[in-house]
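In case you want the letters, here they are:
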Amino acid sequence: MKTTSKRTLEVIIATAMSVSLLPSNLVFAEGTYKSWTEAAENAVQGVDFTVEDGINYKVYTAAGLAYTANIVNNVDTDINITIENDIDLSTAGVIGYGSDVNEENSWIPIGKSGNEYTGTFEGNGNKIYNLYITTSESVYAGLFGYVEDVGCVNKINIASGSIINEANDGYAGGIAGKNDGMITECTNSSSVSGKYAGGIVGKTFKSITSGIEEKITYCVNNGNVIGSNAGGIVGYADEQSIIDNCINNGQILGAGGDNDMVGGIVGNNAGASGYRSI
């Protein structure tokens, strides 16, 4: 009897010691979900995310990030999101999520046409691993789908993944498919492909309503990019875009068409100003 108690105690102590040695930002998958929408619906406040004043969200897990994406895409576009640690999207428990994703289980970008992101996203220099999207619809594909003119995305690092937009008019970027706002100090290491494909942003436009210039500053791309309009930072940049102090380390390739436009920083430059990049 004494031997059994001693052994049990040893197991408890060993388990406690092993848990204490795990990285503090390690996230475990819980549950199995058919889609990112289902994962978002099962996110737990106080575990996956916290919220203050109904608008300021702190995110700790993949499910928590999906929860905030669901809010932006369906309820409130101007919430502020802060990432508190590195996040591995493969830990959310979405069935089939990985490098061979399809339409059903691909990451659902934050912000879309009609529900453009207008808040402030603060990445705090943290990394997001395993960002996978494969779509054949005419959507904006990236961690963000569409960032509106007053939206800001800061200091997030896409550490791995692939973004594939096979639509005839597809927008794809490591950070955002389309940007009308400000993106600062972001890094992408995922591969990107689409008609308008950029390591950071697929396409930028001037806001018709506010006239605010889009700014992409101090960003770095390390991923390979393929597209008809392919750039290391931006696939297509209109005349109101400001692209400043950005670096591309990735391989940039055309899609094989006679009219492909490819560039180390911008693929199709329609007159972007403040164009000072490396």
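Residues numbered from 1 in each chain as written. Predicted model: local features only at pLDDT ≥ 70, side-chain atom pairs only at ≥ 80, totals over all residues. Heavy atoms only, no water.

Draft legend 1. Spotlight on the packing of aromatic side chains. Taken as a whole and judged by the stated rule, the model has twelve aromatic pairs. Between Trp36 and Trp107, the ring centres sit 5.0 Å apart and the planes meet at 80 degrees, which makes this aromatic pair edge-to-face. Of this pair, Trp36 sits in helix α2 (residues 36-41) while Trp107 sits in the loop between β4 (87-88) and β5 (120-122), placing them 71 residues apart in sequence. Accessibility classification places Trp36 together with Trp107 in one group, the buried group. (Phe/Tyr/Trp six-rings, centres within 6.5 Å; stacked < 30°, edge-to-face > 60°. Helix = DSSP H or I, 4+ residues; strand = E, 2+ residues; numbered from the N terminus. Buried < 20%, exposed > 50% of the residue type's maximum accessible area, 1.4 Å probe, protein only.)

Draft legend 2. Focus on the confidence of the model for the protein. Summary statistics for the protein give a mean pLDDT of 86 and a share of 83% for residues scoring 70 or more. Contacts from residues 207-211, a stretch scored under 50 in pLDDT, to residues over four places away or in other chains number five contacts. (pLDDT = per-residue confidence, 0-100. Contact = heavy atoms within 4.5 Å.)

Draft legend 3. Quick look at the environment of Lys127. The residue Lys127 is located in strand β6 (residues 127-129) in this model. Among the residues examined, Lys127 registers a relative accessible area of 33% and is labelled partly exposed. Leave out the neighbours within four places in its chain, and Lys127 touches Asp86, Ile87, Asn157 and Ala159.

Draft legend 4. Structural view of the sheet that holds β6. Across the sheet, which stays open at both edges, the six strands sit in the order β4-β6-β11-β16-β20-β24 with parallel pairing between neighbours. Looking at which strands have only one partner, the edges of the open sheet turn out to be β4 and β24 (247-248). Of the strand pairs in this sheet, β4 and β6 are connected by two bridges, and their pairing is parallel. From the neighbouring strand, Ile87 faces β6, where its bridge partner is Ile128. (Pairing = 2+ DSSP bridges.)

Draft legend 5. Highlighting the pairing of strand β1 (residues 49-52). In this structure, β1 lies alongside strand β2 (residues 56-59), joined through four bridges in antiparallel fashion. Bridging from a neighbouring strand, Thr50 pairs with Lys58 of β2. Hairpin connection between β1 and β2: a loop of three residues separates the two successive antiparallel strands, and Asp53 in this loop has a positive phi of roughly 60 degrees.

Draft legend 6. Up close: the side chain of Glu116. Within the secondary structure, Glu116 is located in the loop between β4 and β5. Lys178 provides the closest opposite charge to the buried, salt-bridge-free Glu116, at an N-O distance of 7.0 Å. With sequence-adjacent residues up to four places away left out, Glu116 is seen in contact with Thr77, Tyr146 and Glu148. (Lys, Arg positive; Asp, Glu negative; His and termini not counted. Salt bridge = Lys/Arg side-chain N within 4 Å of Asp/Glu carboxyl O.)

Draft legend 7. Spatial organisation of the side chain of Asp238. Structurally, Asp238 is set in the loop between β22 (234-237) and β23 (242-244). With relative accessibility at 6%, the residue Asp238 sits in the buried group. At a separation of 3.1 Å, a polar atom in the side chain of Asp238 contacts the side chain of Ser241. (Polar contact = N/O pair within 3.5 Å; in protein donor to acceptor, adjacent residues only side chain to side chain.)

Draft legend 8. Main features of a negative patch on the surface. The grouping of Glu103, Glu104, Glu137 and Glu166 at the surface amounts to a negative patch. Within the secondary structure layout, Glu137 lies in the loop between β7 (131-135) and β8 (140-141). (Patch = residues over 30% accessible without salt bridge, like charges linked within 9 Å, V, L, I, M, F, W, Y side chains within 5 Å. Areas by Shrake-Rupley, 256 points an atom, 1.4 Å probe, with all protein chains shown as cover. Charge placed at Lys NZ, Arg CZ, Asp CG, Glu CD.)

Draft legend 9. Structural detail: the nonpolar core. Counting 61 residues, the largest nonpolar core has Trp36, Leu65, Leu89, Trp107, Phe121, Leu143 and Ile183 as the members making the most contacts within it. The element contributing the most residues to this core is helix α3 (residues 62-74), with seven residues. By size, the runner-up hydrophobic cluster in this structure holds five residues, among which are Tyr140, Tyr146, Tyr171 and Tyr236. (Core = buried A, V, L, I, M, F, W, Y, C linked by side-chain atoms within 4.5 Å.)

Draft legend 10. How the structure looks around α3. Across its 13 residues, α3 extends 18 Å between first and last C-alpha, which sits within 8% of the 18 Å expected from 1.5 Å per residue. Within α3, ten of the 13 residues are buried, which leaves the element mostly enclosed by the surrounding structure. Within the sequence span of α3, burial applies to Ala62, Ala63, Gly64, Leu65, Ala66, Thr68, Ala69, Ile71, Val72 and Asn73. (Expected span 1.5 Å × (residues − 1).)

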